[in-house]
Amino acid sequence: MKQIYSIILLVFLWKFSAAQEVDLSSYNVIWNGQSNNSSESMPCGGGDVGLNVWTEKDDVLFYMARSGTFDENNTLLKLGRVRLRLSPNPFHGGAFKQELKLQEGAVYIEAKNEAVSAKIKLWVDVFAPVVHVDIAANKPLQITATYENWRYRDRITKGKENNANAYKWAPPGDVVTKKDIVDYETPNGILFYHQNGDSTVFDVTVKQQGLDGVKKQLFNPLSHLTFGGLMTGEHMKPSGETSGSYLDTDYKGWGLTTEKATKNQSIKIYLYTKQEKSIDIWKEELFRTVEKKDKEAAEKSREWWANFWKRSYVCIKPTNQDTSDLDWQMGRNYQLFRYMLACNAFGEYPTKFNGGLFTFDPSRIDETMSYTPDFRNWGGGTHTAQNQRLVYWPLLKSGDGDLMKPAFDFYQRILRNAELRTQVYWCHRGASFTEQIENFGLPNPAEYGWKRPTDFDKGMEYNAWLEYQWDTVLEFCEMILASHRYHDRNIRQYLPLVESCLQFFDEHYQYLAKKRGRKALDENGHLVLYPGSAAETYKMAYNANSTVAALKIVTEGLLALPDTLLPPSKKIEWREMHSRIPPLNFRTIENHTLLAPAKLWERINNVESPQLYPVFPWGIYGIGKPGLDTARNTYWFDPDARKFRSHVGWKQDNIFAARLGLTDEALQLNRLKLKNAPRRFPTFWGPGFDWVPDHNWGGTGMIGLQEMLLQTVGDKIYVLPAWPMDVDVEFKLHAPDQTSVHVKVAGGKIKKLIVSPQNRMNDIVLPTE
């Protein structure tokens, strides 16, 4: 009855409460001094373009990056650097302010001294790949914009620098980053581009892995891929070429300067990417985009950002003025990282876990890495699914289903390649996605292994870490299904992907069983998932719990789809497979029943805790579900889970604790996870296990905080299931069935609860006092 009275009271409050969204301006990042180097840069972006913006030695600089700019070696190349210089220079002495305004998605830089003042706005068109620089001054200025490029010549990459490309530690010969083409193309424009040749790492990988026989059928995203753009400004003219060195890398520059001193100047950089063999055709298409002038671009982009912030937020201690407070930092940094993810909302490729669009000069992370700004550890076009998944899970509860499309499309594009692998190597059906795949769907050549036994299965990676790790793709399959449950997104085009991934497990493990003996299934009619892998940690596993849970939940998700999406005839097939999935495994430690990593395993290879994957991501155990004590015992008493526990990088202990209702543990771990990074910009975490800014660090932080605030079990919505009621918070998060939940806690009480649609209020479960 107490629960019912509480809900009645909150419904009453809802009727008289204006559903106003919170003010995020206190989360804007403001710097009152210039930066020392690119590591002290500020992210700015939109659509699929990211900028690192900073002011150094009285110049404004920014790196440009865009989703999908892969070279012949599958390095994700930056698009160059731009340097702005004003004369007379308002940045020399006097006042300075640089601010990221979240509500607009833009960076403002203001400077004022005794001689002059100026204001610069940098923003990216959300709906077109155009970078805008708008300058306004109180007196006429001479404005020079220089496009700087370190790929003005071929560069040979050696040693660890090859970790940025597909060859990593095992290049078959010299690896060369081919030079870009840069020149004055128009009276007021600088053209720059990189064009891949016909032969790329794709061809090397296909030959290495014995797939030349089906090469013409394989999706190849790299040949003749051409990317670059045009920097232009009205009433500007060429100012000539420059050269120099920034940090560890030499460069050349091509400048534009105003024809005469002016108070107002706009500079635009139009970007374009396409697989096109003819550079003349590519240039024609680029210039057609330049001719499309959208006078409402700024307003449309502002409106998009405003709507983005309205649909979801988490604000902790919103009235607090102490920015050193770790709880306040959790809320602010959640918002900042969500902004960074939104800068690739419409990317052709997923946001990279190892830096996203915002990497910077690597020697500022590791002084031994005096490489170019193109460097990032763990590759550019290499897709590490166990890391990438953590970037995309939080987008369900943040209501950002549209941001998930690049991840889904990534797998959709390479589905045929994964199916061809299966057909060639094992002569059965299904998509075989290994861990560490390239953007064309084949295993990374270094991870696949160049020095392999001649009789080793050519479909397998000869790799102690990655062997038999097939199941990470199933998390993306579940995200696809969940995006339909949460946001009613049309997932019809992705269902063949989901079905093919399940089909691979069903057919491949029967295939392996028949190679060992007469029977395809065990004595209970279940698949024998051996050899397998529980993450990268428990190797040569037999019925790994992470795989069992994945198959169970994804199959059940398919079966729950309406018949209009999955016809009954198909459901018969998947019910039969569901009956073949083995049960989860348990073990006893100190008289406690625990979830086991697997039925058996050969060795421990890494520091993950897949015995808790039935808690997250698979949600079989948790608050409001049977067996909560077993899952909690696993968290508390499993010796490996305890030894591996941490907040660093991709570690998920903060999520496990929240899902299990362990409020104190969840708060402590999320404070560590989401506190300010040791860099000028608060969410440039890492490197952790990967690189800076570490996006799976931020992703796990977002998920852990969301799970403290909102969980769902069937139709039930648990509000504040692992939240300390003495910490003020206001949030708006999303639940299945297109439901949003807006809650405000202050002074230990729930002051606001707005649920939309209103009939979902009946499904709310409030915390007990």
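What this report covers is the structure whose coordinates are included nearby. (Residues numbered from 1 in each chain as written. Predicted model: local features only at pLDDT ≥ 70, side-chain atom pairs only at ≥ 80, totals over all residues. Heavy atoms only, no water.)

## Quick look at the sheet that holds strand S31 (residues 764-765)
Two strands in a sheet stick together by hydrogen bonds in their backbones, pointing the same way (parallel) or opposite ways (antiparallel). To be explicit about the condition: Here the rule is simple: two strands pair whenever DSSP picks up at least two bridges between them. Counting from the N terminus, the helices are the DSSP runs of H or I reaching at least four residues and the strands are the DSSP runs of E reaching at least two. The contact criterion used throughout is that any non-hydrogen atoms of two residues lie within 4.5 Å. Axis lines are fitted to C-alpha atoms, over the contacting stretch for helices. Their N-to-C directions set the angle, which ranges from 0 to 180 degrees.
Pairing within the open sheet is mixed, and its three strands lie in the order S26-S27-S31. The outermost strands of the open sheet, each flanked by one partner alone, are strand S26 (710-713) and S31. Here helix H17 (residues 695-709) sits on the sheet and contacts S26 and strand S27 (716-719); the angle it forms with S26, its principal contact strand, is near 70°.

## Considering the packing of helix H9 (residues 473-487) against helix H10 (residues 495-516)
The cut-off we apply is this: Handedness of a crossing follows from how the near helix is turned relative to the far one, being left-handed for an anticlockwise turn of less than a right angle and right-handed for a clockwise one. In this classification, Asp, Glu, Lys and Arg are treated as charged, Ala, Val, Leu, Ile, Met, Phe, Trp, Tyr, Cys and Pro as nonpolar, and every other residue, Gly included, as polar.
Between H9 and H10, whose axes approach to 10 Å, the crossing angle comes to 145°. When you trace H9 past H10, the crossing you get is left-handed. Between H9 and H10, the contacting residues are Val-473, Leu-474, Cys-477, Ile-480 and Leu-481 on the first element and Leu-495, Leu-497, Val-498, Cys-501, Leu-502 and Phe-505 on the second. Looking at side-chain class alone, the contact of H9 with H10 contains eleven nonpolar, no polar and no charged residues.

## Section: the pairing of S27
Pairing of S26 with S27 involves four bridges; the strand directions are antiparallel. Paired with Leu-710 across the strands is Val-719, a residue of S27. Linking S26 back to S27 in an antiparallel pair, the connection comprises two residues, with Gly-714 at a positive phi of about 60°. Pairing analysis gives two bridges linking S27 to S31, with the strands arranged parallel. Opposite Tyr-718, over in S31, you have Val-765 as the bridge partner.

## Some thoughts on the sheet that holds strand S25 (residues 603-604)
The sheet built from three strands is open, its strands ordered S21-S22-S25 with antiparallel pairing. At either end of the open sheet lies a strand with only one pairing partner, and these are strand S21 (532-534) and S25.

## Some details on the environment of Ala-482
Following the sequence through the fold, Ala-482 ends up in helix H9. In this structure, the C-alpha to C-alpha distance between Ala-482 and Glu-438, residues 44 residues apart in sequence, is 25 Å.

## Focus on the side chain of Ser-67
Turning to its location among the elements, Ser-67 is positioned in the loop between strand S4 (59-66) and strand S5 (81-87). Discounting chain neighbours no more than four positions away, the residues touching Ser-67 are Asp-48, Asn-344, Gly-347, Glu-348, Tyr-349 and Leu-357.

## Quick word on the environment of Leu-529
Mapped onto the secondary structure, Leu-529 falls in the loop between H10 and S21. Leu-529 sits 494 residues away from Ser-35 along the chain, and the two C-alpha atoms are 54 Å apart. With residues up to four places along the chain from it excluded, the contact list for Leu-529 reads Tyr-509, Ala-541, Tyr-542, Asn-543, Thr-547, Val-548, Leu-551 and Pro-582.

## Examining the nonpolar core
Put simply, the test is: We call a set of buried Ala, Val, Leu, Ile, Met, Phe, Trp, Tyr and Cys residues a nonpolar core when their side-chain atoms join them within 4.5 Å. When accessible area is computed with a 1.4 Å probe and restricted to protein chains, residues below 20% of their type maximum are described as buried, those above 50% as exposed, and intermediate ones as partly exposed.
The biggest cluster of nonpolar side chains holds 215 residues, and the ones touching the most others in it are Phe-433 and Leu-474. For this core, the element with the most residues is helix H7 (residues 405-426), which contributes ten residues. Non-local contacts of Phe-433, meaning those with residues more than four positions away in its chain, are made with Tyr-411, Ile-414, Leu-415, Ala-418, Gln-469, Trp-470, Val-473, Leu-497 and Cys-501. In this structure, Leu-191, Ile-279, Leu-286 and Val-290 belong to the second largest nonpolar core, which totals ten residues.

## Observations regarding H10
Short version of the rule: The length a helix should cover is 1.5 Å for every residue beyond the first.
Counted at 1.5 Å a residue, the expected span for H10 with its 22 residues is 32 Å, and the 32 Å between its end C-alpha atoms agrees. Summarising burial for H10: 16 of the 22 residues are buried, a large majority.

## Observations regarding the pattern of salt bridges
Our working rule: Here a salt bridge means any side-chain nitrogen of Lys or Arg lying within 4 Å of a carboxyl oxygen belonging to Asp or Glu.
Under the definition given, this model contains 42 salt bridges. The partner of Asp-250 in a salt bridge is Arg-155, and the shortest N-O contact between them spans 3.0 Å. Separated by 95 residues along the polypeptide, Asp-250 in strand S16 (residues 249-258) and Arg-155 in strand S10 (residues 155-157) bring together distant segments of the chain. Between Arg-580 and Asp-506 there is a salt bridge, with its nearest N and O atoms 2.6 Å apart. Placement of Arg-580 in helix H12 (residues 568-580) and of Asp-506 in helix H10 is noted, with a sequence separation of 74 residues between them. The exposure class of Asp-506 is buried, given its relative accessible area of 10%.

## Brief notes about the side chain of Ser-38
Note that Ser-38 resides in the loop between strand S1 (29-31) and strand S2 (42-46). Under the relative-accessibility criterion, Ser-38 is labelled buried at 0%. Setting aside anything within four residues of it in sequence, one finds Ser-38 in contact with Trp-54, Glu-56, Tyr-63, Tyr-246, Leu-247, Phe-360 and Asp-361.

## Let's talk about helix H2 (residues 201-208)
Most of H2 sits inside the fold, with six of its eight residues counted as buried. Of all the residues in H2, the buried ones are Val-201, Phe-202, Asp-203, Thr-205, Val-206 and Gln-208. Its buried side turned inward, H2 meets helix H8 (445-448). Where H2 terminates, the next one or two residues include Gly-210, which has phi positive at roughly 70°.

## Considering the packing of aromatic side chains
Basically, it comes down to this: Pairing of aromatic side chains here covers Phe, Tyr and the six-membered ring of Trp, requires ring centres within 6.5 Å, and sorts the geometry by plane angle: under 30 degrees stacked, over 60 edge-to-face, intermediate tilted. Only when the NZ atom of a Lys or the CZ atom of an Arg is both within 6 Å of the ring centre and within 35 degrees of the ring normal do we say a charge sits over the ring.
Within the structure shown, the criterion is met by 40 aromatic pairs. When the centroid spacing of 5.3 Å and the interplanar angle of 45° are considered together, the rings of Trp-54 and Tyr-63 count as tilted. Residue Tyr-63 is classed as buried on the basis of its relative accessible area of 0%. Ring centres 5.6 Å apart and planes at 85° place the aromatic pair Trp-305 and Phe-308 in the edge-to-face group. Taken together, the positions of Trp-305 and Phe-308, both in helix H4 (residues 297-311) and three residues apart, correspond to about one turn of that helix. Exposure class is identical for Trp-305 and Phe-308. Each is buried. In textbook terms, an aromatic cluster arises when at least three aromatic residues are bridged by ring pairs, as seen for Phe-127, Trp-304, Trp-305, Phe-308, Trp-309, Tyr-339 and Phe-346. The ring of Tyr-349 carries Arg-413 above its face, with NZ or CZ at 4.4 Å from the centroid. Positioned over the ring face of Tyr-448 is Arg-452, at 3.8 Å from the centre of the ring.

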